[in-house]
Amino acid sequence: MRMMTVRGVLDWIDGVAPFAAQEDFDNAGLLTGTPDREVTGVVVCLDVTDAVIEEAMGLSANLVIAHHPLIFAPL
């Protein structure tokens, strides 16, 4: 089985919904983490909450894809 990386998932998402098409106020893309890391599981959510993080940990998922960014405005 081929290893899937975070970058591979981002590339797939970009192919379906290009990051270049986002509005100026959007904050899409990898906000934290390492693009070359192997993906062990994925959790998809609307908002990143403590419960989502706990669920991801319980499933050994190391990638969370959220509709609303964890960090909306630049730090």
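Because the structure is a prediction, the values reported are computed rather than measured.

A. Structural context of the overall build of the protein chain. For the protein chain, the count of helices and strands is two helices and two strands. Secondary structure elements in the protein chain, listed N-terminal to C-terminal, are α-β-α-β. Taken along the three principal axes of its C-alpha coordinates, the protein chain extends 35 × 30 × 20 Å. Taken over 75 residues, the protein chain has a buried fraction of 15%. A separation of at least 24 residues holds for 43% of the contacts in the protein chain among residues at least 6 apart in sequence.

B. Geometry of the nonpolar core. Residues Val 43, Cys 45, Val 52, Ala 56 and Ala 61 constitute the largest nonpolar core, which totals five residues. Sorting the residues of this core by element identifies β1 (42-45) and α2 (50-58) as the ones contributing at least two each.

C. A look at the environment of Gly 29. The residue Gly 29 is located in the loop between α1 (6-16) and β1 in this model. Take Gly 29: its relative accessible area is 31%, and that puts it in the partly exposed class. For the pair Gly 29 and Leu 10, spaced 19 residues apart in the sequence, the C-alpha separation amounts to 7.2 Å. Setting aside residues up to four positions removed in sequence, Gly 29 forms contacts with Leu 10 and Phe 19.

D. Examining the pairing of strand β2 (residues 63-66) more closely. As defined by bridge partners, β1 adjoins β2 across four bridges and the pair is classed as parallel. By the bridge assignment for β2, Val 44 is matched with Ile 65.

About the cut-offs
- Residues numbered from 1 in each chain as written.
- Predicted model: local features only at pLDDT ≥ 70, side-chain atom pairs only at ≥ 80, totals over all residues.
- Heavy atoms only, no water.
- Helix = DSSP H or I, 4+ residues; strand = E, 2+ residues; numbered from the N terminus.
- Buried < 20%, exposed > 50% of the residue type's maximum accessible area, 1.4 Å probe, protein only.
- Contact = heavy atoms within 4.5 Å.
- Core = buried A, V, L, I, M, F, W, Y, C linked by side-chain atoms within 4.5 Å.
- Pairing = 2+ DSSP bridges.

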